[in-house]
Amino acid sequence: MNSEKKVSIVMATYNGSLHLREQLDSIYSQTRIPDEVVVVDDNSTDGTLKILDEYHHKYGLLYLKNKVNLGVSRNFEKAICNCCGDYIIQKRELSKTFF
């Protein structure tokens, strides 16, 4: 039985295609790759969903798209509710060097 704790990373996106690849590449290039990455998109109108779909196929990233804008707090809350890790990290917390 594997006793290693599962790590989930959650992100909330809204029209973030300009920097999204850089953020996701950073996550997936860590020494300890997270067990899951869950992204909830707040109804973007740019290329964000296309990028998320690409990373879904490449790495198994899970993404959900809201039908209406929920705002930052509710968007993160929805992402947290859709992950199953023992540790949940919001993307903005990664700079604190968890891995």
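Each value, and the rule that gives it
- Residues numbered from 1 in each chain as written.
- Predicted model: local features only at pLDDT ≥ 70, side-chain atom pairs only at ≥ 80, totals over all residues.
- Heavy atoms only, no water.
- Core = buried A, V, L, I, M, F, W, Y, C linked by side-chain atoms within 4.5 Å.
- Buried < 20%, exposed > 50% of the residue type's maximum accessible area, 1.4 Å probe, protein only.
- Helix = DSSP H or I, 4+ residues; strand = E, 2+ residues; numbered from the N terminus.
- Contact = heavy atoms within 4.5 Å.
- Salt bridge = Lys/Arg side-chain N within 4 Å of Asp/Glu carboxyl O.
- Expected span 1.5 Å × (residues − 1).
- Arc of directions from axis to C-beta.

Undergrad: How should the nonpolar core be read in this particular structure?
TA: Nonpolar side chains tend toward joint burial in soluble globular proteins. Residues L24, V37 and L61 are the most contacted members of the largest nonpolar core, which totals 14 residues. Counting residues per element, the ones that place at least two in this core are β1 (7-13), α1 (17-28), β2 (36-41) and α2 (48-59). A per-element tally of this core places α1 first, with four residues. In this structure L24 touches M11, I51, L52, Y55 and L61, once residues within four positions along its chain are discounted. Judged by nonpolar contacts, the second largest core, of six residues, contains V10, F76, A79 and C83.

Undergrad: What is the right way to read the pattern of salt bridges from this model?
TA: When charged atoms on two side chains of opposite charge get close, those side chains can pair. Inspection of every chain in the model, using the stated rule, returns three salt bridges. Of the charged contacts, one joins R32 and E4 as a salt bridge, the two residues approaching to 2.9 Å between their closest N and O atoms. With R32 in the loop between α1 and β2 and E4 in the segment before β1, this residue pair connects regions lying 28 residues apart in the sequence. Linking R21 and E54 is a salt bridge whose minimum nitrogen-to-oxygen distance equals 2.7 Å.

Undergrad: Could you clarify how one ought to interpret α2 in this entry?
TA: Along an α-helix, a turn takes 3.6 residues, which lines up residues three or four apart on a common side. The end-to-end C-alpha separation of α2 is 16 Å, in line with the 16 Å expected for 12 residues at 1.5 Å each. The set of residues buried in α2 consists of T48, I51, L52 and Y55. In a view along the axis of α2, the buried residues occupy a sector of 100°, so they form one face of it. The exposed set on the far side of α2, more than 90 degrees from its buried face, consists of K50 and H57. Where the residues of α2 are buried, they touch β1, α1, β2 and β3 (62-65). Positive backbone phi, approximately 90°, marks G60, located one or two places after α2.

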